[in-house]
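# Geometric and topological summary
Spelled out from the first residue to the last, the chains are:
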Amino acid sequence: MDRNMTKPTVGFIGLGAMGDPMARRLAGAGFPIVLLDADMGKTDRIAAATGGTAAAHGRALAEASDLIVTMLPSSAIVRAVLDGDTGVIAGLKPGTVFLEMSSGVPDATRRIAEELASKDVTLMDCPVSGGVSRAVTGELAIMVGGDDVGFAVGEPVLAAMGTTITRTGPVGSGHAMKALNNLVSAGGFLIGIEALLIGSRFGLDPALMTDILNVSTGMNNSTQKKFKQFVLSREFNAGFGLDLMVKDLGIAISVAESTGTTAPFANLCREMWQGAQKTLGPGLDHTDVARFSELLAGSELHSADK
């Protein structure tokens, strides 16, 4: 029997830097896929490359799908994709499971989940961490909020895209966890860059400092996977946007505020990233924030052998 016959058809919406390789992982795992992106040319190209079907709009995608994945920039865009005569809601079938894998606002996610539940559709919030490189290899870390029924249906689909799948609690908890993860990542990046700038002006080689940090207690994801690769190389092309990081930090702060948690360092961290966004302009990679720190310090980071 064709292995596709045993797998649900997955409608995948959002074929950007992360969504493209994630959809390809699903196709490679044998899931029939129906694709949709705001860029219809991209939709057609990826459908042709994967053997998937390009949908004309959200309603057509929903009508053809047993399970739907959204990988979009914000909750507002998810909302826009759902609504209207040709939106996803207009074509949803009862019993559909909806995996919201964007980095969303927890309260907005809960409201959408309640609305979909009235149509016998189960929403799970399933944001990811790991970046483009791990999306390509199918090794993403996935945080999952939602109930047991939705998880049982969605887990095989998630397993095609990630190797660490962790349930976080009820709907909305996955998106809260993702924002807080990015808060920790953003803070670690900034303090590490400041340390390299201090050391560089003292006379230390930033590349050597990075090597030492990576065998010492200062090690973090940025020292391991970003500093040499994207900052010292001056490439600044890790694949995750500065604008998206600022958005996620705003979500983290909103979670702090909604829980009455005083978070002075988190607020300072967001202010620094917002300052970089305002100073450097839109559309940049998140590793470009190092250039903002360089402006403040009045010096640039370069390896000693450059």
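Residues numbered from 1 in each chain as written. Predicted model: local features only at pLDDT ≥ 70, side-chain atom pairs only at ≥ 80, totals over all residues. Heavy atoms only, no water.

Now for the overall build of the chain. Summing up its helical and strand segments, the chain has 14 helices and 9 strands in all. Taking 306 residues into account, the globule formula puts the C-alpha radius of gyration at 19 Å, and the chain, at 21 Å, falls close to it. Its C-alpha atoms give the chain principal-axis dimensions of about 65 × 45 × 35 Å. When the 306 residues of the chain are sorted by exposure, 48% land in the buried category. When contacts within the chain are restricted to residue pairs at least 6 apart in sequence, those whose partners lie at least 24 apart make up 66%. Carbon and sulfur atoms make up 57% of the accessible area of the chain, which amounts to about 13,600 Å² in all. For the chain, the centre of its 25 positive side-chain charges and the centre of its 32 negative side-chain charges are spaced 2 Å apart. (Helix = DSSP H or I, 4+ residues; strand = E, 2+ residues; numbered from the N terminus. Rg over C-alpha atoms; globule rule 2.2 N^0.38 Å. Buried < 20%, exposed > 50% of the residue type's maximum accessible area, 1.4 Å probe, protein only. Contact = heavy atoms within 4.5 Å. Areas by Shrake-Rupley, 256 points an atom, 1.4 Å probe, with all protein chains shown as cover. Lys, Arg positive; Asp, Glu negative; His and termini not counted. Charge placed at Lys NZ, Arg CZ, Asp CG, Glu CD.)

So, about the pairing of strand β9 (residues 162–169). Bridge analysis of strand β8 (residues 140–145) against β9 gives 6 bridges, and the strand direction is parallel. Residue pairing in the sheet places Ile142 in a bridge with Ile165 of β9. For the segment spanning β8, helix α7 (residues 148–159) and β9, crossover handedness is right-handed. (Pairing = 2+ DSSP bridges. Right-handed = clockwise from strand over helix to strand, strands pointing away.)

Our next topic: the nonpolar core. The biggest cluster of nonpolar side chains holds 33 residues, and the ones touching the most others in it are Phe189, Ile193 and Trp273. Of all the elements in the fold, those that place two or more residues in this core are α8 (173–202), α9 (206–213), α11 (227–232), α12 (242–258), α13 (264–280) and α14 (289–297). Those residues in contact with Ile193, other than ones at most four positions away along the chain, are Phe227, Val231, Ala290, Ser293 and Leu301. Ranked by size, the runner-up nonpolar core spans 31 residues in total, among them Val10, Leu26, Val69 and Cys126. (Core = buried A, V, L, I, M, F, W, Y, C linked by side-chain atoms within 4.5 Å.)

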